[in-house]
Amino acid sequence: MTGSLAVVPVIPDGDEARRLAEEELSRNTYEVATPTAFDRAVGAVVRAIEEIFTSDVSGGWGRSLAVIALVIVIALVVVGFLVWGRPRSRVRTQPQTADLFGLRETRSAGELRTVAEQLALEQKWDEAIIVRFRALALALTERGVVETPPGTTAQGFARQAAAAIPSHEEDLFHAATVFDEIRYLRRSGQEPQYTQIVKIDESLGTATSTLASTAVQVTA
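So, a few notes on the structure that sits alongside this text. Just so you know, these numbers come straight off a predicted model, no measurement behind them.

1. Overview of a nonpolar patch on the surface
A surface patch of nonpolar side chains, about 240 Å² in accessible area, is lined by Ile68, Ile72 and Leu76. Relative to the elements of secondary structure, Ile68 occurs in helix H3 (residues 61–84).

What follows is the structure in structure tokens.
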């Protein structure tokens, strides 16, 4: 026989198409803590594919249906990413942490206040002032007034917090300065300074942000 031979595309048989679909859907990307609408949709497609593979389909229809099903699954995966984004991962179920002036913090502002009060009872004013200022900053973060990305300094925090709550600008910069002097300049903290930080923290708790619910991005 003469003449050029046509290139015949390789079409996966039923078993191969099923393997490819299961491999695509078994990736870690689709592992979620709680099923989403996207997860349920994919699950329904998988079950439909399994019915196709386990049913008796004769002739070339078996291969054709397998290829069509595989294309549908891949299309759904792409659409799912575009509509819902990446599915929730188990990592996101872990407690959230905040970056506060170079240290990761898993405690809440309330818990930090309790620690500061205990330190104050023991007259450990340096530690009490540092922890109470961290509680003050974290409280504004929890309220959505500011954000504290890595690299945020006490002065940077005060500057942005003052933009959100201008009525407390002087107090915020004073508290940040006391924090810096004790933590970085190794100056001794005193009870009056701790008392001031406590009053500032309490007054900020009732202050209204001029930025409403919009968080301010803190820069160093």
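2. Looking at helix H6 (residues 154–164)
The buried count for H6 comes to 8 of 11 residues, which makes it a mostly enclosed element. The set of residues buried in H6 consists of Ala154, Gly156, Phe157, Ala158, Gln160, Ala161, Ala162 and Ala164.

3. Looking at the packing of helix H5 (residues 125–142) against H6
Two elements in contact, H5 and H6, have axes whose closest approach is 12 Å; the angle formed by their N-to-C orientations is 45°. What the angle tells us is that H5 and H6 run oblique. When you trace H5 past H6, the crossing you get is left-handed. Contacts between H5 and H6 involve Phe133, Leu136, Ala137 and Leu140 on the former and, on the latter, Ala154, Phe157 and Ala161.

4. Observations concerning the packing of helix H7 (residues 169–183) against helix H8 (residues 191–205)
At their nearest, the axes of H7 and H8 sit 10 Å apart, and the two run at 140° to each other. In terms of axis orientation, H7 runs oblique to H8. Every pair of crossing elements has a handedness; the one defined by H7 and H8 is left-handed. Along the contact surface, H7 presents Asp171, Leu172, His174, Ala175, Val178 and Ile182, while H8 presents Gln193, Gln196, Ile197, Ile200 and Leu204. Taken together, the residues that form the contact of H7 with H8 break down as 7 nonpolar, 3 polar and 1 charged.

5. Brief notes about unusual backbone geometry
Phi at Gln123 takes a positive value of approximately 60°, unusual for a residue other than glycine. As for its placement among the helices and strands, Gln123 is situated in the loop between helix H4 (109–121) and H5. On the accessibility criterion, Gln123 (58% relative accessible area) is exposed. Non-glycine residue Arg186 carries a positive phi angle of around 60°. Within the fold, Arg186 resides in the loop between H7 and H8.

6. Re the packing of aromatic side chains
Within a pair of aromatic rings, the relevant descriptors are the distance that separates the centres and the angle that separates the planes. Within the structure shown, the criterion is met by 7 aromatic pairs. Arranged with centres 6.3 Å apart and planes meeting at 80°, the rings of Phe179 and Tyr184 form a pair that is edge-to-face. The exposure class of Phe179 is buried, given its relative accessible area of 0%. Among the aromatic residues, ring-to-ring pairing joins Phe101, Phe133, Phe157, Phe179 and Tyr184 into one connected group.

7. Here we look at the pattern of salt bridges
For side chains of opposite charge, pairing can occur when their charged atoms come near one another. Following the criterion strictly, the structure yields 6 salt bridges and no others. In this structure, Arg107 engages Glu105 in a salt bridge whose closest nitrogen and oxygen atoms are separated by 2.7 Å. Residue class for Arg107 comes out partly exposed when judged on its relative accessible area of 36%. Judged by relative accessible area, which is 5%, Glu105 ranks as buried. Here Arg187 ties to Glu181 by a salt bridge, and the two come within 3.2 Å at their closest N and O atoms.

Calculation notes
- Residues numbered from 1 in each chain as written.
- Predicted model: local features only at pLDDT ≥ 70, side-chain atom pairs only at ≥ 80, totals over all residues.
- Heavy atoms only, no water.
- Patch = residues over 30% accessible without salt bridge, like charges linked within 9 Å, V, L, I, M, F, W, Y side chains within 5 Å.
- Areas by Shrake-Rupley, 256 points an atom, 1.4 Å probe, with all protein chains shown as cover.
- Salt bridge = Lys/Arg side-chain N within 4 Å of Asp/Glu carboxyl O.
- Helix = DSSP H or I, 4+ residues; strand = E, 2+ residues; numbered from the N terminus.
- Buried < 20%, exposed > 50% of the residue type's maximum accessible area, 1.4 Å probe, protein only.
- Axes fitted to C-alpha atoms, helices over the stretch in contact; angles between N-to-C directions.
- Parallel < 35°, antiparallel > 145°, perpendicular 65-115°, else oblique.
- Left-handed = near helix turned anticlockwise from the far one by under 90°.
- Contact = heavy atoms within 4.5 Å.
- Nonpolar A, V, L, I, M, F, W, Y, C, P; charged D, E, K, R; others polar.
- Phe/Tyr/Trp six-rings, centres within 6.5 Å; stacked < 30°, edge-to-face > 60°.

That's the geometry; what it means functionally is another story.
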